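Now for the letters of each chain:
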Amino acid sequence: MTKFKDLGLNDDILKGIVDLGFDEAFPIQEAVIPVLLTGRDVVGQAHTGSGKTAAFALAMLQEIQPRNGIQGLVMAPTRELAIQIAGEIRKFAKYTKIKVVTVYGGQGMGIQLDALHRGAEIIVATPGRLIDHLKRGSIELRDITHIVLDEADTMLDMGFVDDISFILDLAPEERVMSLYSATMPTEILRLSEEYLNNPKQFLLDSDDLSGEGIDQSFLVIKDRDKFKYLIDFVKPIKGQVIVFCSTKYRTRDVAKFLHQEKYNAVAIEGDMSQHRREQAMGKFRSGKADILVATDVASRGIDVPRVKLVVNYDVPNVEMAYFHRIGRTARAGAEGRAITFVSYSSLGDWNLIKRQIHAPLKDLNQEMGIQISIPDPLKRQMPSRRYGGQSRGGGYSRGGGRSGGYGRSGGGGYGRSGGRNSRDDRGGGRRRDDDKGKNSYGGRSKW
Ligand code: ADP
Ligand code: MG
């Protein structure tokens, strides 16, 4: 194990690290920091909760000069994550005089313009709002030396890649750039070569999406029984809980149910005002709320160490989302539990995810003696419909007429959807490019 002081970081940064109580560098930090400091591009893949933020933040801080203009740029897919990353960099930067400004949709321009006027060396941004600033000239990228894409597989998928290209074209060619995610599909690795210069790849757990340290289980139940079971599982938990739902409506309904049962729950979904989103997130982070009910907007990057249980109230519609969702617990080597509720109609989706879980997975139906009786037509449909959708395996079809085969895009498992783009960091539908309809985050756009 390497100590931070052996990584070539200056004393001001080290003081910040000591204040946070960090002692030894985590593996991804130990791997990435020295390489970034030599000026080489990096691709960093490591488990959820393994300290990727500090890996890029510390190297960036070491290389950036105070009062020398905007030199560092970090981009993230959601507002909450941008806010979190900026907060973390500020903690590391406490003794360095380096200033961080966060730029994201849904917040008044004035606040951001004021902050930019006061001077910044690092910008943490969601792409849409950053482009607004670039177009009005309130941010310039000509002095940028360090660029990071966090949750890079999301950032380079169909919904964001044009924005990212636009932004990168405005930055100097001579720059150190790095990409991070717990999931790094090969097509994204290939695409990254367009943006990176001979990167050093650190794929620390690339074959292992197991969700280390997370006690994973599933329960097959009727959709209408989910709430009853949710209460049963949440009741004994001493710690915080995140409940992931598939749509904004279900998120709201589940939060309402929890309120009725006198639970201290907050919700986050893409149609809420930014003010309410931040209020909800603030309450959850500070421990004033015990339960966060959310769409996948909270599935990426959010770090709340007290989260002991993640409940997938609905099965996610892509495997990647499953691993990111459950990765909201068991942060930084802690323990945590993840339970997935599988309604009969999501058995097909669940079987696809299950195949990728290379860790012990508890069958709660067996354990709790809960019988299931899956209607015959569903049994027949259970074999996979991903990658090519419903036409595979003999062309079963579903009577309900939902488009794209069970709400999934026909374009394959990754990165495409016919749905409306309602990505959260883009002002909840107000931005002109909100309706391009090509984004997916893997198929469904109901954040
Ligand atoms: P990732 O981006 O890999 O999911 P984060 O960067 O959010 O993970 O870090 C997860 C948690 O681990 C955070 O709460 C962070 O403060 C903590 N952490 C990061 N590095 C260290 C370290 N070297 N020692 C102790 N805790 C750390
Ligand atoms: Mg992260």
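Residues numbered from 1 in each chain as written. Chains lettered and ligands numbered in written order. Predicted model: local features only at pLDDT ≥ 70, side-chain atom pairs only at ≥ 80, totals over all residues.

Asker: Describe the environment of E278, naming the residues involved and giving the relevant values.
Answerer: Here E278 lies in helix α12 (residues 274–285). Residue E278 is classed as partly exposed on the basis of its 17 C-beta neighbours within 10 Å. When the C-alpha atoms of E278 and E80 are compared, they prove to be 7.5 Å apart, with 198 residues separating the residues in sequence. (Helix = DSSP H or I, 4+ residues; strand = E, 2+ residues; numbered from the N terminus. Buried ≥ 20, exposed ≤ 12 C-beta atoms within 10 Å, placed from the backbone.)

Asker: Account for the packing of helix α2 (residues 27–37) against helix α3 (residues 52–63), with residues named and values stated.
Answerer: The N-to-C vectors of α2 and α3 enclose an angle of 25°; their axes lie 9 Å apart at closest approach. Relative to α3, the element α2 is oriented roughly parallel. As α2 runs across α3, the sense of the crossing is right-handed. Side by side, α2 and α3 meet where I28, Q29, V32, I33, L36 and L37 of the first sit next to K52, A54, A55, L58, A59 and Q62 of the second. A breakdown of the residues in the contact of α2 with α3 according to their chemical character gives nine nonpolar, two polar and one charged. (Axes fitted to C-alpha atoms, helices over the stretch in contact; angles between N-to-C directions. Parallel < 35°, antiparallel > 145°, perpendicular 65-115°, else oblique. Left-handed = near helix turned anticlockwise from the far one by under 90°. Contact = placed C-beta atoms within 7 Å. Nonpolar A, V, L, I, M, F, W, Y, C, P; charged D, E, K, R; others polar.)

Asker: Provide a residue-level description of helix α1 (residues 11–19), including the pertinent values.
Answerer: Along α1, the positions that sit buried rather than exposed are I13, G16 and I17. Buried residues of α1, seen end-on, are gathered within an arc of 100° and therefore sit on one face of the element. α1 presents D11 and D19 as exposed residues on the side facing more than 90 degrees away from its buried surface. Of the surrounding elements, those touching the buried residues of α1 are α3 and α4 (79–92). Where α1 terminates, the next one or two residues include G21, which has phi positive at roughly 80°. (Arc of directions from axis to C-beta.)

Asker: So what's going on with the site of ligand 1? Which residues, and what values?
Answerer: Among the 16 residues in the neighbourhood of ligand 1, the closest are listed as G51, K52, T53, D303 and A332. Broken down by element, the shell around ligand 1 gets its largest block of residues, three residues, from α3. Among the residues making up the shell around ligand 1, the classes are represented as seven nonpolar, six polar and three charged. (Near = placed C-beta within 6 Å.)

Asker: Can you tell me about the environment of C245, naming the residues and giving the values?
Answerer: Turning to its location among the elements, C245 is positioned in the loop between β9 (240–244) and α11 (248–260). For C245, a count of 24 C-beta atoms within 10 Å corresponds to the buried category. Separated by 68 residues in the primary sequence, C245 and Y313 place their C-alpha atoms 5.4 Å from one another. Not counting residues up to four positions away in its chain, the partners in contact with C245 are R250, T251, V254, V293, T295, Y313 and D314.

Asker: Explain the environment of R252 to me, using residue names and the numbers behind them.
Answerer: With respect to the helices and strands, the residue R252 is situated in helix α11. By C-beta crowding, R252 is classed as partly exposed, having 16 other C-beta atoms within 10 Å. Taking C-alpha positions, R252 is 8.5 Å from I268, a pair spaced 16 residues apart along the chain. Not counting the four nearest positions on each side in its chain, R252 is found in contact with A267 and E269.

Asker: Would you mind going over unusual backbone geometry in detail, with residue names and values included?
Answerer: Phi at E151 takes a positive value of approximately 50°, unusual for a residue other than glycine. Looking at where E151 falls in the secondary structure, it is placed in the loop between β5 (146–150) and α7 (152–155). Judged by the 24 C-beta atoms lying within 10 Å of it, E151 falls in the buried class. In this structure, A332 takes a positive phi of about 50° despite not being glycine.

Asker: Break down the nonpolar core for me, citing the residues and quoting the values.
Answerer: One finds I123, V124, V243, L292 and V293 to be the most contacted residues of the largest nonpolar core, which totals 117 residues. Sorting elements by how many residues they give to this core places α3 first, with eight residues. Taken together, domain 1 (4–204) and domain 2 (210–447) each give at least three residues to this core, which thus spans both. Residues within four places of L292 in sequence aside, it is in contact with I242, V266, I268, F284 and A298. (Core = buried A, V, L, I, M, F, W, Y, C linked by C-beta atoms within 7 Å. Domains from an automatic or database assignment.)

Asker: Before we move on, could you go through the pairing of strand β2 (residues 72–75) and cite the residues and values that matter?
Answerer: Consecutive side chains along a regular strand alternate between the two faces of the sheet. Taking every second residue as pointing to the same face, both faces of β2 are buried, with G72 and V74 on one and L73 and M75 on the other. The sheet contact formed by β2 and β5 spans four bridges and is parallel. Across the sheet, V74 pairs through a bridge with V148, a residue of β5. (Pairing = 2+ DSSP bridges.)

Asker: Can you tell me about the sheet that holds strand β14 (residues 361–363), naming the residues and giving the values?
Answerer: With respect to topology, seven strands assemble into an open sheet ordered β10-β11-β9-β12-β13-β8-β14, the strand pairing being parallel. The outermost strands of the open sheet, each flanked by one partner alone, are β10 (265–268) and β14. Pairs of neighbouring strands in the sheet enclose a mean axial angle of 20°, with direction left out of account. Of the pairings in the sheet, the one linking β9 to strand β11 (residues 291–294) comprises four bridges and is parallel in character. Within β11, the residue paired with F244 across the bridge is A294.

Asker: If you had to explain the packing of α3 against α4 to someone new, which residues and values would you point to?
Answerer: How two helices sit against one another is set out by the angle between their axes and by the gap between those axes. At a minimum axis distance of 10 Å, the contact between α3 and α4 shows a crossing angle of 50°. For the element pair α3 / α4, the angle class is oblique. Seen along the crossing, α3 lies across α4 with a hand that is right-handed. Residues T53, A54, A57, L58 and L61 of α3 pack against I85, E88, I89 and F92 of α4. Tallied by class, residues from the contact of α3 with α4 come to seven nonpolar, one polar and one charged.

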